[in-house]
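Next come the chains, spelled out residue by residue.
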Amino acid sequence: MSPDRVFKFLSLLLFWLFINQANAQDIANMRGKRCLLKGKWQLVSTFSLGADHTVAKDEYDGTIQFLCCHKYVEEVNYESNHWIITGKWKIYRHKTTLLLTHRQYTLGELEKNPADITFELIKLDKANWTASSIAKGAMVKVTYQKIPKKASK
């Protein structure tokens, strides 16, 4: 292989690594970031079927509270229905995956056993998090916004 070809190959490889690192830099390393999830979060928007949908709190009030010991509480008010699901959450930091498991209704049972939910985290910071998931066979993207402690009391 000629030195020019080796140089071009190495240049392209470094460029590809740089681009991938820049795209994945937001949450590529979950070390220390899982603590950002602790607290109460409000669903603010969804993206499904090729369109972005803002979630109005008076129509669909969905919150998730991530607690210590990897427990969580999800509470939803929708069309005069109110339900609460409790379970466990886990972060796979190398895959940037958030897994909600051991889900069970504590109020307003809608189905026998709620399925586990797997979110692929796209963005995670102090103010909001965005993730994608498969729901009913279609890709759905959700965005949650942090509820300040003063407002959640």
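Below or above, wherever it landed, is the structure these notes cover. Keep in mind the model is a prediction, meaning the values are calculated, not measured.

Calculation notes
- Numbering of residues begins from 1 in every chain and follows the order in which that chain's sequence is written.
- Since the coordinates come from a predicted model, pLDDT governs what is reported: local features require at least 70, and pairs of side-chain atoms require 80 or more to be given and counted, while whole-chain, interface and lining totals use all residues.
- Only hydrogens and water are set aside; all other atoms, that is, all heavy atoms of the structure, feed into the side-chain values.
- Type-normalised accessible area, obtained with a 1.4 Å probe on protein chains alone, sets the label of each residue: buried when under 20%, exposed when over 50%, and partly exposed for intermediate values.
- Under the scheme used here, helices are H or I runs from DSSP no shorter than 4 residues and strands are E runs no shorter than 2 residues, and both carry numbers assigned from the N terminus.
- The pairing criterion for strands is at least two bridges between them, as found by DSSP.

Some words on the pairing of strand 8 (residues 128-135)
Okay, step 1: For strand 8, the buried fraction is high: six of the eight residues fall into the buried class.
Okay, step 2: Examined bridge by bridge, strand 7 (residues 117-124) and strand 8 share four bridges and lie antiparallel to one another. Residue Leu121 lies in a different strand from strand 8, and its bridge partner there is Ala131.
Okay, step 3: Linking strand 7 back to strand 8 in an antiparallel pair, the connection comprises three residues.

Details of the pairing of strand 4 (residues 71-78)
Okay, step 1: Here strand 3 (residues 60-66) pairs with strand 4 via seven bridges, running antiparallel. Bridged to Ile64 within strand 4 is Glu74.
Okay, step 2: The antiparallel hairpin formed by strand 3 and strand 4 contains four residues in its connecting segment, where Cys69 sits at a positive phi of about 60°.
Okay, step 3: The sheet contact formed by strand 4 and strand 5 (residues 81-92) spans eight bridges and is antiparallel. Following the sheet pairing, Tyr78 is matched in strand 5 by Asn81.
Okay, step 4: As consecutive antiparallel partners, strand 4 and strand 5 are separated by two residues, and within that stretch Glu79 has a phi angle of approximately 45°, a positive value.

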